[in-house]
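Here are the chains, one letter per residue:
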Amino acid sequence: MLAAFMDEPTTANISYVKITASPEETDAIFLDLGSVTAHAQRTQLARRGYRDYTWFGAVNDGQNGSVTFVVTGKDITGTIRAHGRLFAVRPIGGGYHALIEQDFGTMPEHPAEWQQIENREISREHLRDAGTYDPFADDGSVIDILVAYTPAAAAAAGNINSLIQLSVDETNQAYANSSIFPTINLVHSYQTAYVESGNFVTDVDRFRIPGDGFMDEVHGLRNTHKADLCVLILNNPSFCGLASTILADETEAFCGVHWSCSTGNFSFGHELGHLQGCRHNPEADPTITPFAYGHGLLDITNDFRTVMSYNDGTCPGGSCLRVQHFSNPDVNYFGNTTGSNATHDNARVIDETAFTMANFRTGGSSSPDVFTISNLGTATLNITGISTNQPWLSTADHPAPTFGINPGSGQSVRVVIDWTMLAAPANGDVIIASNDPDEPSVRVVITAIPDIPTLSGRGYLRNAEQPDHRQQRRRTVFARHPPRRFAGDHRAGRFSRRFFQLEWDKPALVDYVSHTGRNARRQPDCFGDVV
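For every chain, the first residue of the written sequence is number 1, and numbering continues from 1 along that sequence. In view of the model being predicted, local features appear only for residues whose pLDDT reaches at least 70, and side-chain atom pairs are presented and counted only at 80 or more, with totals across whole chains, interfaces and linings using the full set of residues. Each side-chain value is derived from all of the structure's non-hydrogen atoms; neither hydrogens nor water enter the calculation.

The geometry of an aromatic ring pair is captured by the separation of the ring centres together with the interplanar angle, meaning the angle of the planes. Any two rings among Phe, Tyr and Trp, with Trp reduced to its six-membered ring, count as a pair given centres within 6.5 Å; such a pair is stacked if its planes are under 30 degrees apart, edge-to-face if over 60, and tilted if neither. Overall, the coordinates contain nine aromatic pairs when judged by the stated rule. On the numbers, 6.1 Å between centres and 90° between planes, the contact of Tyr194 with Phe214 is edge-to-face. Taken together, the residues span a long stretch of sequence, with Tyr194 in the loop between strand 10 (183-191) and helix 5 (200-208) and Phe214 in the loop between helix 5 and helix 6 (217-225) at a distance of 20 residues. A simple rule labels every residue: compare its accessible area, found with a 1.4 Å probe on the protein chains alone, to the largest value its type can have, and call it buried under 20%, exposed over 50%, or partly exposed in between. Classification of Tyr194 by relative accessible area gives buried; the value is 7%. Looking at Phe214, the relative accessible area reads 30%, which means it is partly exposed. Measuring from ring centre to ring centre gives 5.5 Å for Phe291 and Tyr293, while their planes differ by 45°; the resulting arrangement is tilted. Numbering of helices and strands starts at the N terminus; helices are DSSP runs of H or I of at least 4 residues and strands are runs of E of at least 2.

For the rest of this paragraph, the subject is the state of the cysteines. The definition used for a disulfide is geometric: two cysteine sulfur atoms within 2.5 Å. In total, this model carries two disulfides according to the counting rule given. Each sulfur of the disulfide joining Cys240 and Cys261 lies 2.1 Å from the other. On the sign convention where negative is left-handed, the bridge of Cys240 and Cys261, at about -60° about the S-S bond, is left-handed. Linking Cys240 in the loop between strand 11 (229-234) and strand 12 (241-243) with Cys261 in helix 7 (residues 259-262), this pair joins segments that are 21 residues apart in sequence. Like Cys261, Cys240 is buried.

Quick look at the side chain of Thr263 now. Relative to the assigned elements, Thr263 resides in the loop between helix 7 and helix 8 (267-275). Among residues more than four places away in sequence, those in contact with Thr263 are Thr79, Arg90, Phe104, Leu163, Leu166, Ser167 and Glu170. Residue contacts are counted whenever heavy atoms from the two residues lie within 4.5 Å of one another.

Written out as structure tokens, the structure reads:
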């Protein structure tokens, strides 16, 4: 692993550090980066589970610096941008981490074969109209992603799953920075048994083509997990990435990314951007289909480029900094516009193609309809039974009939609904029995909403005002069938997706958390009640 870090062509310097505190415990972090130091102030904390979260921070360096750390147990995988320099943090075991200064200035983005794709006239005929009513369509607010990775990539990358999460988080942050409507959602990741050929084009083709005897499992997994777009993480430093095409149809929605470029250089979002219809800056790619305005921005005067832009040798110092923005004429970076109406508006492209992309497979990010039982106490929590009170309601993905949860650990429980038994909305209870001395029995209230052809929200939650949280013995999870069908309300011609996370703040052995989605940037003022 250390050899892989040092051998990367983008590695400028490398040092080793021991991180002794969890970033979750602080709102500010002092960063000793060797020749420079910086302070990062937390802007967001996205929790996925116990000791599994992403820490987002801003660096007060006068250059829009940023920090993104994915924390999984004792491993931290992250990107630091400070004082115009780029650093990667990678775990190497035993609480130690590699701090790698990276330089992507001379790293080639794509193989030469990509130019053949760039030079083609690209049709928009397969794009779907979001304004056409379709009761089975996803609303375009979430594009579901499946990620496969090779054994070689896993061996080289440190914590490959954290790297994938960081890739997703950085892409969504770039969308947020660029005022882009949809987000991407990781629905599945897995290690394929495929042995890399050493040729980027060959590997991406084998990933995409069904029935060729290479990585054919991805097509079944894509259908199972309802993934719209698929990414293959490789260990091939010849290039940063390759997409199958520009503006993919559902058979072409595949790309490959070299693991080291996936974050920091934003190649994960870059290759997805090609699939969504985005082109490079016009200096590198003057073709005007499928969108004349669909190019990235290269700003030599102000020494930066957006996610979809190539580098240029005429930049100051020979390399322009790639910033965490897609081109958008309505958004500035450090006081300078990141786009133009006629030529540089990748944000508009991603917005306009989102409905098509999100419907390559429908229902993927649905409600996972999962809640987690987390033991925040100091003794083992024994679950003595999980039952339901309705014939259409059951649970899965947990040990049965009894199981224990160690201190600091958790167990997810998936809600399963037999939709064939429901013709109208209905409530049911999941009853959890445990050795919790305060509350040996807790009900999780499930509200199931069958297909109703109206543009209605999926369920919006707020905490009921109760002075003593220990008196809250019911929690509500909303589910809709088909999943994610009408997950938003119509505003200014778009759907604004609402998600919620419901937590039980109870000072006892067990903390119950219920998820049906992730927090969104746009949060309408609509909600329902937690009972």
